[in-house]
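Observations on the model geometry
Below, each chain spelled out in residue letters.
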Amino acid sequence: MFNIFDLTQKDPKTLQERALKLAEEAGELAQAVLSATKAPGSEYKNQTLADVREEAVDAAIVAMSVLAQASSSREEFEAELTRLMAEKCAKWQEKLQEKPLAE
């Protein structure tokens, strides 16, 4: 998907470095959300939902790169991405169905 497996193979980062990069990207995403929603103390950064989208994609790319590095082949990466996304989304759906609607 978007050549992430191949790009990961070319990038010399260790798995630990990649995980730390993901934490950094998550922080940037949180900062963009706080600013875009005008949370107290964060509105001066003047970030928008476009910034939130960009930071979300950055975090997603790094997260998929972690998965790619933890996979032994492109086929395993793609199979695991498909399997795990389906499994985790189904679990999320189940949780939503269990939750009573707010009145």
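The structure we're discussing is the one just above.
Residues numbered from 1 in each chain as written. Predicted model: local features only at pLDDT ≥ 70, side-chain atom pairs only at ≥ 80, totals over all residues. Heavy atoms only, no water.

Another aspect to go through is the overall build of the chain. From N to C terminus, the chain includes four helices and zero strands. Here the chain has a C-alpha radius of gyration of 17 Å; the compact-globule value for 103 residues is 13 Å, and the former is much larger. Overall, the C-alpha framework of the chain stretches about 45 × 35 × 20 Å when taken along its three principal axes. By sequence separation, contacts in the chain at least 24 residues apart represent 58% of the contacts at least 6 residues apart. Working note: accessible area of the chain is about 7,600 Å², and carbon and sulfur atoms make up 61% of it. Each charge class in the chain was averaged separately, 13 positive and 19 negative side chains, and the resulting centres sit 1 Å apart. (Helix = DSSP H or I, 4+ residues; strand = E, 2+ residues; numbered from the N terminus. Rg over C-alpha atoms; globule rule 2.2 N^0.38 Å. Contact = heavy atoms within 4.5 Å. Areas by Shrake-Rupley, 256 points an atom, 1.4 Å probe, with all protein chains shown as cover. Lys, Arg positive; Asp, Glu negative; His and termini not counted. Charge placed at Lys NZ, Arg CZ, Asp CG, Glu CD.)

This structure, assessed with the given rule, holds seven salt bridges. Here D11 and K13 are joined by a salt bridge, their closest N and O atoms 3.1 Å apart. Taking relative accessible area as the criterion, D11 reaches 26% and is therefore assigned partly exposed. In this structure, K21 and E24 form a salt bridge, with 3.4 Å as the shortest nitrogen-oxygen distance. Here the residue K21 and the residue E24 both occupy positions in helix α2 (residues 15-36), the gap between them amounting to three residues, near one helical turn. For K21, a relative accessible area of 28% puts it in the partly exposed group. In this structure E24 comes out as partly exposed when scored by relative accessible area, which is 40%. Each of D11, K13 and R18 takes part in a single network of salt bridges with overlapping partners. (Salt bridge = Lys/Arg side-chain N within 4 Å of Asp/Glu carboxyl O. Buried < 20%, exposed > 50% of the residue type's maximum accessible area, 1.4 Å probe, protein only.)

Let us now look at the side chain of E55. With respect to the helices and strands, E55 occurs in helix α3 (residues 49-69). Salt bridges are absent for the buried E55, whose nearest opposite-charge side chain, K21, sits at 8.4 Å. The contact partners of E55, leaving out residues within four places of it in the chain, are E25, E28, L29 and A32.

With respect to the element layout, L81 can be found in helix α4 (residues 74-98). With a relative accessible area of 15%, L81 lands in the buried category. Between the C-alpha atoms of L81 and Y44, which are 37 residues apart in sequence, the distance is 38 Å.

Attention now moves to the packing of α3 against α4. Direction vectors running N to C along α3 and α4 enclose 125°, while the axes themselves pass 9 Å from each other. Our classification of the angle between α3 and α4 gives oblique. Remark: the crossing between α3 and α4 carries right-handed chirality. Counting all contacts with α3, which are made through M64, L67 and A68, the residues of α4 involved are F77, E80, L81 and L84. For the contact of α3 with α4, a count of residues per class yields six nonpolar, no polar and one charged. (Axes fitted to C-alpha atoms, helices over the stretch in contact; angles between N-to-C directions. Parallel < 35°, antiparallel > 145°, perpendicular 65-115°, else oblique. Left-handed = near helix turned anticlockwise from the far one by under 90°. Nonpolar A, V, L, I, M, F, W, Y, C, P; charged D, E, K, R; others polar.)

Interpretation in functional terms is not warranted from these geometric data alone.
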